[in-house]
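Each chain, letter by letter, is given below.
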Amino acid sequence: MFVVFRCTDCGRFLYQEGGVETRECPCGTRVEVSGAVAVAEAESHREARALVRALQEEEMGKAHFRRYG
Ligand SMILES: [Zn+2]
């Protein structure tokens, strides 16, 4: 199982295979998976990656809407 969660620092969506305790975010923060808020679960690496992309796009869409709305 893979868990999708947000970086506790920058809020970026990340995913990590279940059982792994930390994940280093591209922003440089080492996120404790157990301490982060899980937003979704996925069965496979591929599904997790697709979820992260969808969530990120949704977030960017909202930012876009705020900026021009
Ligand atoms: Zn981060």
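For the structure itself, look to the data block above.
In what follows, the accompanying structure is described.

### Structural notes on the pattern of salt bridges
Inference 1: On inspection of all chains with the given rule, the structure shows two salt bridges.
Inference 2: With a shortest N-O distance of 2.6 Å, Glu59 and Arg6 are connected by a salt bridge. Here the residue Glu59 occupies a position in helix 1 (residues 45-68), and Arg6 occupies one in strand 1 (residues 2-6), the gap between them amounting to 53 residues.
Inference 3: The class for Glu59 is partly exposed, based on a relative accessible area of 27%.
Inference 4: The partly exposed category is assigned to Arg6, whose relative accessible area is 29%.
Inference 5: The salt bridge involving Glu24 is made with Arg30; its shortest N-O contact spans 2.9 Å.
Inference 6: Here Glu24 falls in the partly exposed class, since its relative accessible area comes to 42%.
Inference 7: Relative accessible area serves as the criterion here: at 52%, Arg30 is assigned to the exposed category.

What counts, and where the lines are drawn
- Residues numbered from 1 in each chain as written.
- Predicted model: local features only at pLDDT ≥ 70, side-chain atom pairs only at ≥ 80, totals over all residues.
- Heavy atoms only, no water.
- Salt bridge = Lys/Arg side-chain N within 4 Å of Asp/Glu carboxyl O.
- Helix = DSSP H or I, 4+ residues; strand = E, 2+ residues; numbered from the N terminus.
- Buried < 20%, exposed > 50% of the residue type's maximum accessible area, 1.4 Å probe, protein only.

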